[in-house]
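Okay, here's what each chain looks like letter by letter:
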Amino acid sequence: MIAAFTITPSFYLILAAILFSIGAVGLLVRRNVIVMFMCVELMLNAVNLTFVSFAKALNDVGGQVLVFFTLVVAAAEVAVGLGIIVAIFRRRRDATADDLRTLEG
Amino acid sequence: MTVVLFFIFGALTIGGALGVVLARNPVHSALFLVLTLVSVAVLFLLQDAQLVAAVQIIVYAGAIVVLFLFVIMLLGVDQTEPFAEPLRFQRPVALALGAILLAEVLLLAGHRWATGAKTARGVGITGGAFGSNIQRVARVLFTTFLWPFEITAVLLVIAVIGAVVLARRSAQTPDSESESAPRSGS
Amino acid sequence: MNPHVDFHAFAPEIVLTVTIVAVLIADLFTDDSKLPARIAALGVLGSLVPVLTLAVDGQTRSLFGGAFVVDPFSLVLTGFFLVAGYVTLLLSFDYIGEGDYYQGEFYVLLLTSLLGMIVISSARDLISIFVALETITIPTFVLAGWRKHDTKSNEASLKYFLIGVLSSAVMLYGMSLVFGLANSTVLVDIHKYASGHTPALFAVAVFLTLVGFAFKVSAVPFHFWAPDTYEGAPTPVTAFLSVASKAGGFVALLTIVRLGFFPSGNSWQPILWVLAAASMTLGNLAALRQTNIVRMLAYSSIAQGGFILVPLAVAGDVRGNAAWQAVVIYILIYGAMNLGAFAAVIAAARRTRSAEISRLAGFGRTNPAIAVMFSVFLFSLAGIPPLAGWFAKFVMFRAVFDANTTVAVVLGVIAAVNSVIAFFYYSGVVRRLWFDEPAAGVELSSPRLPVGLSAAMGLMTAVILVVGVYPQFFARLGEIAFQRG
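Being a predicted model, the structure only gives us computed values, none of them experimental. (Residues numbered from 1 in each chain as written. Chains lettered and ligands numbered in written order. Predicted model: local features only at pLDDT ≥ 70, side-chain atom pairs only at ≥ 80, totals over all residues. Heavy atoms only, no water.)

**Student:** In this structure, what is going on with the overall build of chain C? I would like to understand it.
**Tutor:** Of regular secondary structure, chain C possesses 19 helices and two strands. Structurally, chain C occupies a C-alpha span of about 65 × 55 × 45 Å along its principal axes. Taking contacts inside chain C between residues at least 6 apart in sequence as the whole, the part at least 24 apart equals 80%. Accessible surface computed for chain C: about 15,000 Å², of which carbon and sulfur atoms make up 66%. Where the 27 positive side-chain charges of chain C centre and where its 25 negative ones centre are 7 Å apart. (Helix = DSSP H or I, 4+ residues; strand = E, 2+ residues; numbered from the N terminus. Contact = heavy atoms within 4.5 Å. Areas by Shrake-Rupley, 256 points an atom, 1.4 Å probe, with all protein chains shown as cover. Lys, Arg positive; Asp, Glu negative; His and termini not counted. Charge placed at Lys NZ, Arg CZ, Asp CG, Glu CD.)

Structure representation (structure tokens):
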């Protein structure tokens, strides 16, 4: 039966890596600034999942504590980032990265 | 049981992530993000991280995504947008990045991780007389990690100040001629 | 069971934090716009006092299991950051006061970023470094967009933000893998782990971690945010970004490489080599084509960042501390040069009302004092003796020759070629200052420059002239930073 099949930490780590990749590719492919930011949140979640998996594997609760710091930084980034987006796009109808064309380079 | 749960919520995580990236409507993306976040919270529970799972749902899914939705609705960006991307090298870079990360995934798969009741330093997740998960996390957070904790307090204050400064409507009209200090370089 | 806290070790951070709170409260309760600025300046100088007392005291303090360390290295760099912060404040007083900007919040954000910088010089574990790096960066996202009515500025700030959070996420992922492999976040433990046989996954983890730092120091190919952000931000913020924020990234990079990844040379040296070579070359070539002085200095900072990376990239083969000392010395000198250069840009733009290089034509005739100081800064950046820049380049080349491997020599050649290329655009500006006909509409030497601005320029000029002739002062600081404390 499947009783002999156990979920090792590698499973979680691979899942996290796939989640990270989806976030990274999504960030590069999408043009809507808010969705790009959501992809960054996906990447940060992948990091959190990695930390928790290692905490379990190494039996060190410090890994879980590190997740808190990631969460705090993510929250601070969201506050500031959405503030910037609101400041820019308050008067416009859509928020695409194509609108950031006045700057090259 | 763990196996079944892992595969169900693992699939939901990946499905939600793909939904975030592929959905045309940003509101749909936000909802898929909630799905991903909650699935990740369940995966946390499967790994004996109860406090983190609860905080994930309360803070991430409950506050951050709500903030996203507020901004989406405020700005009225809930329309769809075309899928074409103007930057020439975007697709190749994305694919290259995907390939690198896939290679890394395979490396992860091949690596033999040490598991078991190996208490590194201090408090483990199981074992020892440290109490429940919350008590263990608290013990480590307020002793070993006290310093970064204090710094994050400052960081959060700044985030609030920054967000208020940015999002506030100024009294003046947006007219660059009215500025007394000239732009770039002065 | 409370952890034992050594308050003297934290004193600089405590004074600065109290200053931040004081500025916030002062801004809230008074209408006097000068008071927050004065409190900020006083607080920064006040934070230098415990730095000096700790230096005199001389003992190395280590807290939180080795995560927070006060040793000569951290004291030298804390002092540097505080001085750089003070000079930025000097530049900001009148700039922010006269423009249509929020004031009190500006100082709060600037000081918080500064707090992150002094924390990072003492941080010795991955998570402290990460939190400190974010404390440095997140206020600058807001500061970069301080010109709220300027669309270009807002968009540059958004671009900076997106690239910034992306690289934070990548760096954090790398750090999480390092944590899993080394079983700890403390750099000393990671060093022990790296001394053993490390799997390929460790190299991937190191690569990802370094990518995040590459963005902070605007190394190529992670530099895309820099020119636009530098141009769009208020110039004092640009000065701060190009000197202090960049130095913060370098300090973190140096600490992580020296104390953490060092034994596993093959995982970090190639990456730094590529970053150094690419930054020098692309930065200089792009700078040649710029017509806007701020963008030119932005690309010049990218190239100078490449020069700072050179000793880091060859550090694995250098015996003793010469490579690390070279990095610190270059950072100190570069700080003075670049702050001075941007101060001169602010001063010049008060007269020319523009940032175009063409408008600087003949400036030497109409505003000789500013033009002289500007020339000093530019020639120092180019590395011309007897200005301080030559010593920075000298220690960089010395580190390369100490390393004495093929790749190091190749990098040295690239650096030499780039120094020559850089000379062309620096001297081009100087030529325009002195040998071209004055542009129309440029005001003459009155009205007078604000005191703060003149003081900043004068101070930086003095530093460059003195250190250029007596480099022992900074060389000694470099040695002190790495002696076994």
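**Student:** Before we go on, may I ask you to explain the overall build of chain B in this structure?
**Tutor:** When helices and strands are tallied, chain B shows six helices and zero strands. When the 186 residues of chain B are sorted by exposure, 42% land in the buried category. Of the contacts formed within chain B by residues at least 6 apart in sequence, a portion of 50% connects residues at least 24 apart. Accessible area for chain B stands at about 9,400 Å²; split by element, carbon and sulfur atoms hold 70% of it. (Buried < 20%, exposed > 50% of the residue type's maximum accessible area, 1.4 Å probe, protein only.)

**Student:** Would you explain helix H8 (residues 200-216) of chain C in this entry?
**Tutor:** An α-helix turns once per 3.6 residues; consequently, residues spaced three or four apart project the same way. A rise of 1.5 Å per residue sets the reference length of H8(C), with its 17 residues, at 24 Å; its end C-alpha atoms lie 26 Å apart and thus fit the reference within 8%. In the stretch just after H8(C), C:Ser218 is the one whose phi turns positive, near 45 degrees. (Expected span 1.5 Å × (residues − 1).)

**Student:** Even after reading the chapter, I still don't get the side chain of C:Ser168, so can you show me in this structure?
**Tutor:** Among the structural elements, C:Ser168 can be located in helix H6 (residues 151-182). The class of C:Ser168 is buried, set by a relative accessible area of 8%. If we skip the residues at most four places from it in the chain, C:Ser168 touches A:Glu77, C:Phe130 and C:Glu134.

**Student:** Would you mind going over the confidence of the model for chain C with me for this structure?
**Tutor:** Do not read the predicted coordinates in detail wherever pLDDT is low. Per-residue confidence for chain C gives a mean pLDDT of 87, with 97% of residues at or over 70. Among the prediction metrics, the complex's ipTM stands at 0.88, with pTM recorded as 0.90. (pLDDT = per-residue confidence, 0-100.)

**Student:** Whenever I open this one, the interface of chain A and chain C confuses me. Can you help?
**Tutor:** By a frequent convention, interface size equals the accessible area lost on bringing the separate parts together. The interface of chain A with chain C comprises 39 residues on the first partner and 33 residues on the second. Across the chain A/chain C interface, buried area totals approximately 3,300 Å², and carbon plus sulfur atoms make up 79% of it. Taken together, the connections running from chain A to chain C amount to zero salt bridges. On inspection of chain A and its partner chain C, the count reaches zero residue pairs in polar contact (both at pLDDT 80 or more). Elements with a contribution of two residues or more to the side of chain A that touches chain C: helix H1 (9-29), helix H2 (33-58) and helix H3 (62-89) of chain A. Looking at the side of chain A that touches chain C element by element, the count peaks at 14 residues for H3(A). Broken down by class, the residue content of the side of chain A that touches chain C amounts to 27 nonpolar, six polar and six charged. (Buried area = accessible area lost by both parts, 1.4 Å probe. Salt bridge = Lys/Arg side-chain N within 4 Å of Asp/Glu carboxyl O. Polar contact = N/O pair within 3.5 Å; in protein donor to acceptor, adjacent residues only side chain to side chain. Nonpolar A, V, L, I, M, F, W, Y, C, P; charged D, E, K, R; others polar.)

**Student:** Hey, could you run me through the interface of chain A and chain B in this one?
**Tutor:** Tallying the contact residues gives 76 residues for chain A and 89 residues for chain B. Summing both partners gives a buried area of about 7,300 Å² for chain A against chain B, and 75% of it is carried by carbon and sulfur. Interface area lost by chain A to chain B is led by A:Arg30, A:Met38 and A:Asn59, which between them contribute 10%. Our enumeration of links across chain A and chain B arrives at one salt bridge.

**Student:** Any chance you could explain the packing of helix H2 (residues 26-46) of chain B against helix H3 (residues 50-75) of chain B here in plain terms?
**Tutor:** If you want to describe how two helices pack, look at the angle between their axes and the distance between the axes. All names here are of chain B. Direction vectors running N to C along H2 and H3 enclose 175 degrees, while the axes themselves pass 8 Å from each other. In terms of orientation, H2 and H3 fall into the roughly antiparallel class. Two secondary-structure elements touch here, H2 through Pro26, Val27, Ala30, Leu33, Val34, Leu37, Val40, Ala41, Phe44 and Leu45 and H3 through Gln50, Val52, Ala53, Gln56, Ile57, Tyr60, Ala61, Val65, Leu69, Ile72 and Met73. Looking at side-chain class alone, the contact of H2 with H3 contains 19 nonpolar, two polar and no charged residues. (Axes fitted to C-alpha atoms, helices over the stretch in contact; angles between N-to-C directions. Parallel < 35°, antiparallel > 145°, perpendicular 65-115°, else oblique.)

**Student:** Would you explain the pattern of salt bridges in this entry?
**Tutor:** Any two side chains of opposite charge can pair, given that their charged atoms come close. For the structure shown, the criterion picks out eight salt bridges over all chains. Across the pair A:Lys56 and B:Asp48 runs a salt bridge whose closest N-O atoms are separated by 2.6 Å. Highlighted residues: A:Lys56 in helix H2 and B:Asp48 in the loop between H2 and H3, drawn from two different chains. Under the relative-accessibility criterion, A:Lys56 is labelled partly exposed at 35%. What makes B:Asp48 partly exposed here is its relative accessible area of 24%. Among the ionic pairs, C:Arg124 bridges to C:Asp71, the shortest N-O distance being 3.2 Å. Here C:Arg124 is found in the loop between helix H4 (104-120) and helix H5 (126-144), whereas its partner C:Asp71 is found in the loop between strand S2 (68-70) and helix H3 (72-98), with 53 residues between them in sequence. We note that C:Arg124, like C:Asp71, is buried. Beyond isolated ion pairs, a larger network of salt bridges with shared partners links C:Lys152, C:Lys159, C:Asp228, C:Glu231 and C:Arg295.

**Student:** Where do I start with the layout of surface pockets in this structure?
**Tutor:** If you roll a probe as big as a water molecule over the atoms, it shows you where there is empty space left. Residue and element names in this part refer to chain C. Computed from the structure, the second largest pocket encloses a volume of approximately 610 Å³. The wall of the second largest pocket is formed by 31 residues, among which Val76, Gly79, Phe80, Val83 and Leu477 lie closest to the centre. At the level of secondary structure, the elements contributing two or more residues to the lining of the second largest pocket comprise helix H2 (34-57), H3, helix H13 (322-352), helix H18 (451-469) and helix H19 (472-482). Broken down by element, the residue count for the lining of the second largest pocket peaks at eight residues, all from H3. For the lining of the second largest pocket, a count of residues per class yields 23 nonpolar, seven polar and one charged. (1 Å grid on protein atoms, 1.4 Å probe; cavity = no way out; pocket = protein on both sides within 12 Å on 5 of 7 lines; lining within 4 Å. Points joined across faces, edges and corners; volume = space filled by probe spheres on them.)

**Student:** Hey, could you run me through H4(C) in this one?
**Tutor:** Along its 17 residues, H4(C) runs 25 Å from first to last C-alpha, staying within 8% of the 24 Å computed at 1.5 Å per residue. Burial analysis of H4(C) places 17 of its 17 residues in the buried class, which makes it a mostly covered element.

**Student:** Would you mind showing me how to read the domain arrangement of chain B here?
**Tutor:** Assigned domains of chain B: these are domain 1 (1-77) and domain 2 (127-173). A straight line from the C-alpha centre of domain 1 of chain B to that of domain 2 of chain B covers 22 Å. (Domains from an automatic or database assignment.)

**Student:** It is not clear to me how the nonpolar core should be interpreted in this structure. Could you clarify?
**Tutor:** Nonpolar side chains in soluble globular proteins tend to end up buried together. C:Phe213, C:Ile293 and C:Met296 are the most contacted members of the largest nonpolar core, which totals 292 residues. Among the elements that line this core, the one with the most residues is H13(C), at 23 residues. Mapping this core onto the domain boundaries places at least three of its residues in each of domain 1 (1-77) and domain 2 (127-173) of chain B. (Core = buried A, V, L, I, M, F, W, Y, C linked by side-chain atoms within 4.5 Å.)

**Student:** Before we go on, may I ask you to explain the packing of H8(C) against helix H10 (residues 235-261) of chain C in this structure?
**Tutor:** Residue and element names in this part refer to chain C. With their axes 8 Å apart at the nearest point, H8 and H10 run at an angle of 160 degrees to one another. In terms of orientation, H8 and H10 fall into the roughly antiparallel class. The hand of the H8/H10 crossing is left-handed. Residues Phe202, Val206, Thr209, Leu210, Phe213 and Lys216 of H8 lie in contact with H10, whose contacting residues are Ser245, Lys246, Gly249, Ala252, Leu253, Ile256, Val257 and Phe261. (Left-handed = near helix turned anticlockwise from the far one by under 90°.)

**Student:** Help me understand empty space enclosed by the protein in this model?
**Tutor:** This model, assessed by the stated rule, comprises five cavities of 30 Å³ or more. Looking at the largest cavity, it is lined by twelve residues, and the ones nearest its centre are B:Thr144, B:Phe145, C:Phe64, C:Ala67 and C:Asp125. Looking at the lining of the largest cavity, its residues break down into six nonpolar, four polar and two charged. In this model, the second largest cavity occupies a volume close to 60 Å³. The wall of the second largest cavity is formed by C:Ala9, C:Pro12, C:Glu13, C:Leu54, C:Phe68, C:Val70, C:Ser74, C:Leu75, C:Thr78, C:Ile118 and C:Ser122. The set of elements that each furnish at least two residues to the lining of the second largest cavity consists of helix H1 (7-29), S2 and H3 of chain C. For the lining of the second largest cavity, the residue count by class is seven nonpolar, three polar and one charged.

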